[in-house]
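Single-letter residue listing:
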Amino acid sequence: MINRDWEKFGEDIRKTVQDAIDAQDFGKLNQTITNTINNAVDSVSRNIRNAQEAQQFQTRGRDPVNRRFGSQDTVRGRDNRRNGYSGQENGHGIRRKQPLALYRKPAGVQAGGTLTTVFGAVAGGMFSVALVFFVITALMAGAFGIPEIMVTALFLIFAAAGFVACGFGAGIRGRVKRFRTYVQVLGMREYCNIRELSERVHKSVKFVVKDLEYMFAKGWFLEGHLDDEKTCLITSHGMYQQYKQIQADRRVTEQEKAANQQRAEDEEYVQEKQGTESGRSKLPPEVQKVVEEGDAYIRKIHACNDAISGAEISAKISHMEMLVDKIFDRVEQEPEAVDDIRRLMEYYLPTTVKLLEAYRELDAQPIDGENIRSSKREIEATLDTLNLAFEKLLDGLFQETAWDVSSDISVLHTMLAQEGLTDDGLHKPN
């Protein structure tokens, strides 16, 4: 029956084209061929569907695959689901439990893909042959004007459309094949790692994820889900709810762990601060005030660094924070050095904080315009200059120590030489 449909379809196409050429009227050729194709597709589809229904009627109730994929004839009593199972009666009238259907049998989809592949290949081949035959005939007749060009273009379009349809149908068949492979890999499990599926079908993990999402949308997996990281396939609502609960419990555990760590850090900070304040209480009031103001500037620099994105600028600010912290540590160790950082306290640090706050505001803007980029570049260059100045200031705070060390070393060398214990004056016994 299907072969006769294809023969009639081909005859209709041939007659339509010949009538158009004979009458030199191509105005309705496109619409006529389109209608002919649609009628042929409908006829072949009906025949295939009737054949499938007849086969299903003969095998109904005996095919274990139908039960696995949840056909309506074998899975009954879904309104009475309990504990993840549905009840059925066997041949002796005894009810037994069967796992709920998690997949939809894609037989109709496969048939549609096969039909599209066959039709596309036949149509593409037919129009390709017709195109070659028509072009050769027209050239041999010596008549290849506008009408012949139009017919050639139509043949070319229909041939290309046929081969595209063939490729589309092959893609459908491939997806159905992969779906069955996924189901086979899952077996009786309700979850599976995506990488395991990708290795089985020889596709990338990214490809398999998109493939599964398409199957979810089409309803092939009746209760399909992916985990949050899209690394695991979950095929039932119950298992997915368990996964969500585990994730929620994990988040609570992580939050509690973070809270405990924060409390420990806060306690350590309080103890450190108490120890620092105890040590600072011995400093002159003027020095204590300077050091406390310095700590406030350090906190502001740190807060700006936390709010600003970008690894390069963050590294510069972190280096600046370390330098300023070392400067005030040195002031605590040598209170008389407080006079050397007057300019730092009165101008450099206030200006630095203003620049960082301005950069933070620019960095938070949703639009990165040229003015914003230019201002950020200028601030970044200024931070380099400030870091260099702070390095020199910190080095200068150790100048007196360097002098003392140099003097001690000089005296030590002199004493060693006098005792004859240097390389050029070792003491020799008589």
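Being a predicted model, the structure only gives us computed values, none of them experimental. (Residues numbered from 1 in each chain as written. Predicted model: local features only at pLDDT ≥ 70, side-chain atom pairs only at ≥ 80, totals over all residues. Heavy atoms only, no water.)

What about the packing of helix 5 (residues 146-186) against helix 7 (residues 205-218)?
Relative placement of two packed helices is described by the angle separating their axes and the distance separating the axes. Defined as follows: All axes here are fitted lines through C-alpha atoms, helices being fitted over the stretch that makes contact, and every angle between N-to-C directions spans 0 to 180 degrees. Counting from the N terminus, the helices are the DSSP runs of H or I reaching at least four residues and the strands are the DSSP runs of E reaching at least two. We call two directions roughly parallel when the angle between them is under 35 degrees, roughly antiparallel when it is over 145, roughly perpendicular when it lies between 65 and 115, and oblique otherwise. By the convention used here, residues are in contact when the closest approach between their heavy atoms is within 4.5 Å. Lys, Arg, Asp and Glu make up the charged group, whereas Ala, Val, Leu, Ile, Met, Phe, Trp, Tyr, Cys and Pro make up the nonpolar group; the residues left over, Gly among them, are polar.
Relative to each other, helix 5 and helix 7 sit at 95 degrees, their axes nearing to 11 Å. Considering the angle they form, helix 5 stands roughly perpendicular to helix 7. Together, R175, R178, F179 and Y182 of helix 5 and F207, V208, D211, L212, Y214 and M215 of helix 7 make up the contact between the two elements. Residue composition of the contact of helix 5 with helix 7, grouped by class: 7 nonpolar, no polar and 3 charged.

Details of the confidence of the model for the chain
In plain terms, the rule: For every residue, the pLDDT score states the predictor's confidence, bounded by 0 at the bottom and 100 at the top.
Looking at the chain, pLDDT values average 75 and 69% of them are 70 or higher. Contacts from residues 55-99, a stretch scored under 50 in pLDDT, to residues over four places away or in other chains number 56 contacts. For the stretch residues 426-430, pLDDT sits under 50, and the model shows 5 contacts to residues farther than four places along the chain or on other chains.

Examining unusual backbone geometry
As a reminder of what qualifies: Using a 1.4 Å probe on the protein chains alone, a residue whose accessible area is under 20% of its type maximum counts as buried, one over 50% counts as exposed, and one in between counts as partly exposed.
We note that H202 has phi near 60 degrees; this positive angle belongs to a residue other than glycine. Take H202: it is sitting in the loop between helix 6 (194-201) and helix 7. By relative accessible area, H202 is classed as exposed at 69%.

Quick notes on the environment of A358
Along the polypeptide, A358 turns up in helix 11 (residues 342-363). With 21 residues separating them in the primary sequence, A358 and I379 have C-alpha atoms 8.7 Å apart.

Some words on the nonpolar core
Quick reminder of the rule: Here, the term nonpolar core denotes a set of buried Ala, Val, Leu, Ile, Met, Phe, Trp, Tyr and Cys residues that are joined through side-chain atoms within 4.5 Å.
Among the nonpolar cores identified, the biggest contains 33 residues, and F328, I341 and F390 are the most heavily contacted of them. Elements supplying a minimum of two residues to this core: helix 9 (285-307), helix 10 (311-333), helix 11 and helix 12 (370-397). Excluding residues that lie within four positions of it along the chain, F328 makes contacts with V290, V291, G294, I298, I341, L344, M345 and L349. Y103, L186, L212 and L233 belong to the second-largest nonpolar core, a separate cluster that totals 20 residues.

Some remarks on the packing of aromatic side chains
Let me state the cut-off plainly: Geometry of aromatic contacts follows a simple scheme: Phe, Tyr and Trp rings, the Trp one being its six-membered ring, pair when their centres are within 6.5 Å, and the pair is stacked under 30 degrees between planes, edge-to-face over 60, tilted otherwise.
Applying the stated criterion to the full structure yields 9 aromatic pairs. Considering the side-chain rings of Y103 and F179, the 6.3 Å spacing of their centres and the 80 degrees angle between planes classify their relative orientation as edge-to-face. You can see Y103 sitting in the loop between strand 2 (95-99) and helix 4 (107-141) and its partner F179 sitting in helix 5, a full 76 residues away along the chain. Taking the relative accessible area as the measure of exposure, Y103 reaches 4% and is therefore buried. A ring pair is formed by Y240 and Y243, whose centres lie 6.0 Å apart and whose planes are at 35 degrees; its orientation type is tilted. Remark: Y243 and Y240 occur in helix 8 (residues 237-280); sequence separation between them is 3 residues, near one turn of the helix. Judged by relative accessible area, Y243 falls into the buried class, the value being 14%.

As for the sheet that holds strand 3 (residues 191-193)
Threshold: The criterion for strand pairing is that DSSP finds at least two bridges linking the strands in question.
Strand order in the open sheet made by the 3 strands is 3-5-4, with antiparallel pairing throughout. Edge positions in the sheet fall to strand 3 and strand 4 (225-226), since each has one partner strand and no second. As defined by bridge partners, strand 3 adjoins strand 5 (residues 232-234) across 3 bridges and the pair is classed as antiparallel. What sits directly across from C192, in strand 5, is L233.

A short note on a negative patch on the surface
Inclusion rule: By definition, no residue in a patch forms a salt bridge, and every one has over 30% relative accessible area; like charges are joined within 9 Å, nonpolar side chains (Val, Leu, Ile, Met, Phe, Trp, Tyr) within 5 Å. Throughout, the Shrake-Rupley method with a 1.4 Å probe supplies accessible areas, and for residues the shown protein chains are the sole cover considered. By convention in these notes, a salt bridge is any Lys or Arg side-chain nitrogen within 4 Å of a carboxyl oxygen on Asp or Glu. Asp and Glu count as negative and Lys and Arg as positive, but His and the ends of the chain are not part of the count. Charge positions come from single atoms, namely NZ of Lys, CZ of Arg, CG of Asp or CD of Glu.
A contiguous patch of negative charge on the surface is contributed by E265, D266, E267 and E268. With respect to the helices, strands and loops of the structure, E265 is situated in helix 8.

Side note on the side chain of D227
Basically, it comes down to this: Pairs of N or O atoms within 3.5 Å make up the polar contacts considered here, provided that, within protein, one atom can donate a hydrogen while the other can accept it, and that residues adjacent in sequence are counted only when both atoms are side-chain atoms.
Relative to the elements of secondary structure, D227 occurs in the loop between strand 4 and strand 5. Buried and without a salt bridge, D227 has R250 as its closest oppositely charged side chain, separated by 8.3 Å. A polar atom in the side chain of D227 sits 2.7 Å from the backbone nitrogen of T231. A polar side-chain atom of D227 sits 3.0 Å from the main-chain amide nitrogen of C232. Those residues in contact with D227, other than ones at most four positions away along the chain, are C232 and Y243.

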